[in-house]
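Each chain is listed here by its residues.
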Protein chains: 2
Amino acid sequence: MPDTEQTQITWEENLIEAFLGMLHAKDGDLEGIAQLGAACRDPKSFEIMMEKLQAEPGAKEKFARRALLGITDFASLQQLPKQTFGFHYAEHMLGNGMEQLNVTSEADVTDDYSYMFAHLGETHDVWHVLSDSNVTIYGEIKVAAFSAAQIHTSRFWYALMAKNILKATVYNIEAGTDYLDAMSQGWIMGRQAKSLFGVDWREWWETPIDELRAEFNIVV
Amino acid sequence: MPDTEQTQITWEENLIEAFLGMLHAKDGDLEGIAQLGAACRDPKSFEIMMEKLQAEPGAKEKFARRALLGITDFASLQQLPKQTFGFHYAEHMLGNGMEQLNVTSEADVTDDYSYMFAHLGETHDVWHVLSDSNVTIYGEIKVAAFSAAQIHTSRFWYALMAKNILKATVYNIEAGTDYLDAMSQGWIMGRQAKSLFGVDWREWWETPIDELRAEFNIVV
């Protein structure tokens, strides 16, 4: 099967090229992240990811419900008591001057795969908040490891972990210990926590964040 | 300083080239490991490593003593009771058909740097045994993370961790969870343990391995 083989090689090479591109880019370079994301879109890993998500407790209901965040009113959430999840989420977004990313309309979610991609994309900052990961490089490393632990076969999150370790290796070895501390912490937290997939976070805005973390066994 | 800048770029490129070479080699490829080791020999990280080792409790005595394993009689160690460190070490070496690596004569150790390199090289398999890391890829990942945590600025061990995560990312994503479990375990173990540097392991052959691990706060 020479054609298949050729495609395979090109796919791997693309990923390694995107990886090396990020190695030389500034931390948080959005173009590099988009390129890496595109290079990681291979059907095989998504199939395994989907199989694992569909095998989780409550998966049938989650995929039937297809809960989406929709456009979030952060100004309102910021009026909630300071201990609530909604307040913490709003502070994370507004305090860091961030816009809600990957908002998806219900009409664009037509099957399990489109729901998986939409939901994982739109809840990334919720995962930041729940895993107590800030937007420094250490927080990004922590949430990447947390995400890789939760979604078992995400080439994207693994590539980011590898990129950050290699970046420390070559350009910033003195930060290596802090990088790996963040990675280990995020990994173990993500492994111990219940699955965050498919949760309708809108139902939890008013819950104290400590209670919410306890509910999902997230030990920050 | 155009000359310095040029040297700097070449050094980084060398490391990345060795890294990519290992990515495409079989696990445990000795030539690739040697090439990576050579590419990681930069004075800056060794200076920081040395400063950190010299600042540890008991460092002065360790560097004055310069304990070396010398040629080890594994057949004799294998006659010790099964719970001893010596027996475990002998089983690790003989059971895996391995030869003692990096044996250094006292005459070749002439200063703190030559001692650091000789000692770290010759005790790698002792660290394998104490951290309960076998010679599968999972054990190698665990001992790499353990070693990186103990010796703070080793570009070599960081490069190996990055290589293994990228290898899983591209070629073996289904093994990713086990890779990261091994890495986190080794990292946390290495961070929690007392420093293993400069210990004269010959004094501990007859000690039960559990006692030895407790002595150095190694939680396997």
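Before reading on, note that the structure itself is shown above.
This report concerns the structure included in the present document.

Quick notes on the rules
Residues numbered from 1 in each chain as written. Chains lettered and ligands numbered in written order. Predicted model: local features only at pLDDT ≥ 70, side-chain atom pairs only at ≥ 80, totals over all residues. Heavy atoms only, no water. Axes fitted to C-alpha atoms, helices over the stretch in contact; angles between N-to-C directions. Helix = DSSP H or I, 4+ residues; strand = E, 2+ residues; numbered from the N terminus. Left-handed = near helix turned anticlockwise from the far one by under 90°. Contact = heavy atoms within 4.5 Å. Nonpolar A, V, L, I, M, F, W, Y, C, P; charged D, E, K, R; others polar. Buried area = accessible area lost by both parts, 1.4 Å probe. Salt bridge = Lys/Arg side-chain N within 4 Å of Asp/Glu carboxyl O. Polar contact = N/O pair within 3.5 Å; in protein donor to acceptor, adjacent residues only side chain to side chain. Least-squares fit on C-alpha atoms with pLDDT ≥ 70 in both. Phe/Tyr/Trp six-rings, centres within 6.5 Å; stacked < 30°, edge-to-face > 60°. Buried < 20%, exposed > 50% of the residue type's maximum accessible area, 1.4 Å probe, protein only. Arc of directions from axis to C-beta. Core = buried A, V, L, I, M, F, W, Y, C linked by side-chain atoms within 4.5 Å. Parallel < 35°, antiparallel > 145°, perpendicular 65-115°, else oblique.

1. Notes on the packing of helix α10 (residues 155-171) of chain A against helix α11 (residues 176-192) of chain B
Packing of α10 of chain A against α11 of chain B brings their axes to within 12 Å, and their N-to-C directions diverge by 35 degrees. Crossing handedness for the pair α10 of chain A and α11 of chain B: left-handed. Contacts between α10 of chain A and α11 of chain B pair Y158, M161 and I165 of chain A from the former with G176, T177, L180 and M183 of chain B from the latter. Of the residues belonging to the contact of α10 of chain A with α11 of chain B, the class tally is five nonpolar, two polar and no charged.

2. Focus: the interface of chain B and chain A
Taken together, the contact between chain B and chain A spans 35 residues of the former and 35 residues of the latter. Around 3100 Å² of area is buried between chain B and chain A when both sides are counted, 71% of it from carbon and sulfur atoms. Counting the contacts that link chain B with chain A gives four salt bridges. Taking the shortest distance from any N to any O, the salt bridge between D181 of chain B and R191 of chain A comes out at 2.7 Å. Viewed at the interface, chain A and chain B are joined by 14 residue pairs in polar contact (both at pLDDT 80 or more). Within the residue set of the side of chain B that touches chain A, elements represented by two or more residues are α1 (2-23), α3 (43-54), α10 (155-171) and α11 of chain B. By residue number, the principal contributor to the side of chain B that touches chain A is α10 of chain B, which donates 10 residues.

3. What to know about the relation of the copies chain B and chain A
Mapping chain B onto chain A is achieved by rotating through 180 degrees and translating by 0.0 Å along the same axis, at an RMSD of 0.0 Å. Each copy turns onto its partner about a two-fold axis. Most of the interface of chain B is mirrored in chain A, where 100% of its interface residues again form contacts.

4. Observations regarding the packing of aromatic side chains
Considering all chains together, one arrives at 33 aromatic pairs over all chains under this definition. Between F85 of chain B and W205 of chain B, the aromatic rings sit 5.4 Å apart at their centres with planes inclined by 25 degrees, giving stacked as the arrangement. Here F85 of chain B is found in helix α6 (residues 85-95), whereas its partner W205 of chain B is found in the loop between α11 and α12 (209-215), with 120 residues between them in sequence. We classify W205 of chain B as buried; its relative accessible area is 14%. By way of ring pairs, the aromatic residues F74, F85, Y89, W201, W204, W205 and F216 of chain A are connected into one cluster.

5. Thoughts on helix α2 (residues 30-39) of chain B
Residues and elements named next belong to chain B. For α2, the full list of buried residues reads G32, L36, G37 and A39. Buried residues in α2, looked at end-on, bunch into an arc of 165 degrees, giving them a common side. The outward face of α2, more than 90 degrees from its buried face, is lined by the exposed residues L30 and E31.

6. Re the nonpolar core
If you look at soluble globular proteins, the nonpolar side chains tend to sit buried side by side. Ranked by internal contacts, the top residues of the largest apolar core, which has 149 residues, are F85, Y89 and W201 of chain A together with F85, Y89 and W201 of chain B. Not counting residues up to four positions away in its chain, the partners in contact with F85 of chain A are V126, V129, L130, W201, W204, W205, T207, P208, I209 and L212 of chain A.

7. So, the packing of helix α3 (residues 43-54) of chain A against helix α7 (residues 112-122) of chain A
Residues and elements named next belong to chain A. Following both chains from N to C, one finds α3 and α7 inclined at 90 degrees, their axes separated by 11 Å at the closest point. Considered as vectors, α3 and α7 are oriented roughly perpendicular to each other. The residues of α7 that touch α3, namely those facing F46, E47, M49, M50, L53 and Q54, are D112, Y113, M116, F117 and L120.

8. Here we look at the side chain of S114 of chain A
All names here are of chain A. You can see S114 is positioned in helix α7. Look at S114 and you get buried, because its relative accessible area is 19%. Of the polar contacts made by the side chain of S114, one reaches the backbone nitrogen of T110; its length is 2.8 Å. When residues no more than four places from it in sequence are discounted, the contact partners of S114 are D108 and V109.

9. Focus on the pattern of salt bridges
Counted according to the given criterion, the structure contains 16 salt bridges over all chains. When the shortest N-O distance is used, the salt bridge between D27 of chain B and K163 of chain B registers 4.0 Å. Taken as a pair, D27 of chain B in the loop between α1 and α2 and K163 of chain B in helix α10 lie far apart in primary sequence, 136 residues in all. Between R65 of chain B and D200 of chain B there is a salt bridge, with its nearest N and O atoms 2.9 Å apart. Remark: D200 of chain B occurs in the loop between α11 and α12 and R65 of chain B occurs in helix α4 (residues 59-65); sequence separation between them is 135 residues. When salt bridges with common partners are traced through the structure, they connect R65, D200, R202 and E203 of chain A into a single cluster.

10. As for unusual backbone geometry
Among all residues except glycine, the phi angle is most often negative; among peptide bonds, the trans geometry is most common. Although it is not a glycine, N102 of chain A sits at a positive phi angle of roughly 60 degrees. Within the element layout of this structure, N102 of chain A appears in the loop between α6 (85-95) and α7.

11. So, the side chain of S147 of chain B
Residue and element names in this part refer to chain B. With respect to the helices, strands and loops of the structure, S147 is situated in helix α9 (residues 137-150). The class for S147 is buried, based on a relative accessible area of 1%. Residues contacting S147, with those up to four places away along its chain left out, are W127 and W157.

12. So, the environment of D42 of chain A
Residue and element names in this part refer to chain A. Residue position: D42 is located in the loop between α2 (30-39) and α3. Under the relative-accessibility criterion, D42 is labelled buried at 5%. Counting along the chain gives 19 residues from D42 to E61, while the straight-line C-alpha distance between them is 26 Å. Excluding residues that lie within four positions of it along the chain, D42 makes contacts with W11 and R155.

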